[in-house]
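# Notes for the structure review
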Amino acid sequence: NAETNENLKCSFEGLARALVSGEGDQKILRGIQEIKDSVEKEERLIQFVKERLKAQSNWLLIYDNMKEFSDIQKYFPQDSVVWGEGKIILTTRDANVQNNSYLNGFIQIGELNANQQQTLFTKIITNGEVTFLTAKETEEANKFLAEIPPYPLDIVVAAYYLKAVNIPYSVYLENLAQNRKDTTNMQENLLKG
């Protein structure tokens with residue numbers, strides 16, 4: 001999670017724990033976690049991850065929802081001699097990231113049109129079944145879809161949330177407008193799943 005610096009630090013700590021193999025690594029990581037100086041702790045944690053990734057082959061790191069590249073730069077593998085061989089995926093809303101010299105590929109995912117929104121939403125709601133929604137259900141779904149952002153992730157999150165919680169569209173929109181914590185937590189859990 002690269003949305004904020006704090007989220008990125010927490011994600012790297014989780015990655016470090018996942019890369020632990022054996023008592024020696026556990027001891028090193030415990031030592032890092034006991035460091036009081038936050039700058040030194042962060043540097044040592046990044047170094048720990050670098051060394052463990054270098055020992056792996058063909059790893060994949062995903063930096064999700066990056067705001068600006070400068071926010072993740074020290075956590076970003078730039079040298080395969082230091083980090084090892086692997087691949088990186090960045091997700092961001094910043095189209096200017098395509099101008100970054102460290103990146104060698106860019107896929108822009110734009111807005112879905114109304115038909116694409118409806119198709120994606122319906123497939124999730126009906127478990128991909130060929131069953132069709134009634135005319136009234138389709139009309140209600142289309143009105144709902146017009147109220148949320150027309151991007152694939154927004155449609156997927158809304159559909160799975162509605163399916164899991166089984167609430168009316170109006171309640172979902174109300175919760176979204178109020179930015180309710182329980183709605184946000186449920187959406188995050190659905191994305192993780």
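Summary of the structure given here.

## Concerning the overall build of the protein chain
- Helices and strands together make up the secondary structure of the protein chain, namely 10 helices and 2 strands.
- For the protein chain, the C-alpha radius of gyration of 21 Å lies well beyond 16 Å, the compact-globule estimate for 193 residues.
- Of the contacts formed within the protein chain by residues at least 6 apart in sequence, a portion of 64% connects residues at least 24 apart.

## Concerning the pattern of salt bridges
- The tally for this structure, following the rule as stated, stands at 7 salt bridges.
- With a closest N to O distance of 3.8 Å, Arg 44 and Glu 40 form a salt bridge. Residue Arg 44 and its partner Glu 40 are located together in helix H3 (residues 38-55), separated by 4 residues, close to a single helical turn.
- On the accessibility criterion, Arg 44 (39% relative accessible area) is partly exposed.
- Residue Glu 139 pairs with Lys 143 through a salt bridge whose shortest N-O separation is 3.4 Å. Of this pair, Glu 139 and Lys 143 are both found in helix H7 (residues 135-145), 4 residues apart, which corresponds to roughly one turn of the helix.

## A closer look at the side chain of Glu 42
- Looking at where Glu 42 falls in the secondary structure, it is placed in helix H3.
- Beyond its immediate stretch of four places on either side in the chain, Glu 42 contacts Asn 5, Lys 9, Lys 74 and Tyr 75.

## A look at the side chain of Arg 52
- Within the element layout of this structure, Arg 52 appears in helix H3.
- Within the structure, Arg 52 has its side chain in polar contact with the side chain of Glu 51 (distance 3.1 Å).

## Focus on the environment of Phe 144
- Looking at the secondary structure, you find Phe 144 in helix H7.
- Classification of Phe 144 by relative accessible area gives buried; the value is 2%.
- Along the primary structure Phe 144 and Leu 53 are separated by 91 residues, whereas in three dimensions their C-alpha atoms are 44 Å apart.
- Among residues more than four places away in sequence, those in contact with Phe 144 are Phe 121, Ala 158, Leu 162, Tyr 169, Tyr 172 and Leu 173.

## Digging into H7
- Taken as a whole, H7 has its buried residues at Ala 141, Phe 144 and Leu 145. Relative to the axis of H7, the buried residues are bounded by an arc of 95 degrees and lie together on one face. Those residues of H7 that are exposed and angled more than 90 degrees off the buried face are Ala 135, Lys 136 and Lys 143.
- As for H7, its buried residues are in contact with helix H6 (114-125), helix H8 (152-165) and helix H9 (169-178).

Each value, and the rule that gives it
- Residues numbered from 1 in each chain as written.
- Predicted model: local features only at pLDDT ≥ 70, side-chain atom pairs only at ≥ 80, totals over all residues.
- Heavy atoms only, no water.
- Helix = DSSP H or I, 4+ residues; strand = E, 2+ residues; numbered from the N terminus.
- Rg over C-alpha atoms; globule rule 2.2 N^0.38 Å.
- Contact = heavy atoms within 4.5 Å.
- Salt bridge = Lys/Arg side-chain N within 4 Å of Asp/Glu carboxyl O.
- Buried < 20%, exposed > 50% of the residue type's maximum accessible area, 1.4 Å probe, protein only.
- Polar contact = N/O pair within 3.5 Å; in protein donor to acceptor, adjacent residues only side chain to side chain.
- Arc of directions from axis to C-beta.

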